[in-house]
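Residue-level structural notes
Chain by chain, the residues:
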Amino acid sequence: MKLLSMAWFTLNVISLSSSSLSPASMKNFISKIGSRETEKRFSTIRVEASGNTVPSIVVYVTVPNKEAGKKLAESIVKEKLAACVNRVPGMLLFCLKSCPNIQTDSEELLIIKTRQSLLEALTDHVKGNHEYEVPEVIALPITGGNIQYLEWLKNSTRD
């Protein structure tokens, strides 16, 4: 664990040295490296601290209504393309369809947590099961988090 913390420290001192941290703040940060408090923080925040996780992502997919969202979310989880899907209702879409007209509509957002390696299969599944001709599929990397949750994410999805 100390080796991983030190490797992270080494990589990040370069970026910190060019930041706006005062010399006193930098010294305080450096003094904490290797402490139990810092090791605990890195084990729960830095994804690299565990060999039991895989590169993971959060994927946003919008759907036109509750029924479409429920159906798509259930099929994604059933196929083990994601460990978890949250449905966020009540979003309002503002979209430029043709100049200068702006279309407004209500939608729901699916927040999908999965492995990075499943993005292509997930995208294909969404495209094949979505009402929109061109569905939104946007992936963001998970760079840290609760290691136990990320291990669960790995174990709940297909390889």
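Here, every reference points to the structure presented above.
Summarised in this report is the structure supplied together with it. Keep in mind the model is a prediction, meaning the values are calculated, not measured. (Residues numbered from 1 in each chain as written. Predicted model: local features only at pLDDT ≥ 70, side-chain atom pairs only at ≥ 80, totals over all residues. Heavy atoms only, no water.)

Details of unusual backbone geometry
Here the phi dihedral of Lys80 falls at roughly 60°; this positive angle occurs in a residue that is not glycine. Along the chain, the position of Lys80 falls in the loop between helix H4 (66–78) and strand S2 (84–98). (Helix = DSSP H or I, 4+ residues; strand = E, 2+ residues; numbered from the N terminus.)

Brief notes about a nonpolar patch on the surface
On the surface, Leu92, Phe94, Leu96 and Ile102 cluster together to form a nonpolar patch covering roughly 460 Å² of accessible area. Per-element accounting of the nonpolar patch gives the leading share, three residues, to S2. Among the structural elements, Ile102 can be located in strand S3 (residues 101–115). (Patch = residues over 30% accessible without salt bridge, like charges linked within 9 Å, V, L, I, M, F, W, Y side chains within 5 Å. Areas by Shrake-Rupley, 256 points an atom, 1.4 Å probe, with all protein chains shown as cover. Salt bridge = Lys/Arg side-chain N within 4 Å of Asp/Glu carboxyl O.)

Some details on helix H5 (residues 119–129)
Listing the buried residues of H5 in full gives Leu122, Thr123, His125 and Val126. Each buried residue of H5 sits inside an arc of 160° when the element is viewed along its axis, so together they form one side. Facing away from the buried side of H5 by more than 90 degrees, the exposed set consists of Glu120, Lys127 and Gly128. Buried residues belonging to H5 abut strand S1 (56–63), H4 and S3. (Buried < 20%, exposed > 50% of the residue type's maximum accessible area, 1.4 Å probe, protein only. Arc of directions from axis to C-beta. Contact = heavy atoms within 4.5 Å.)

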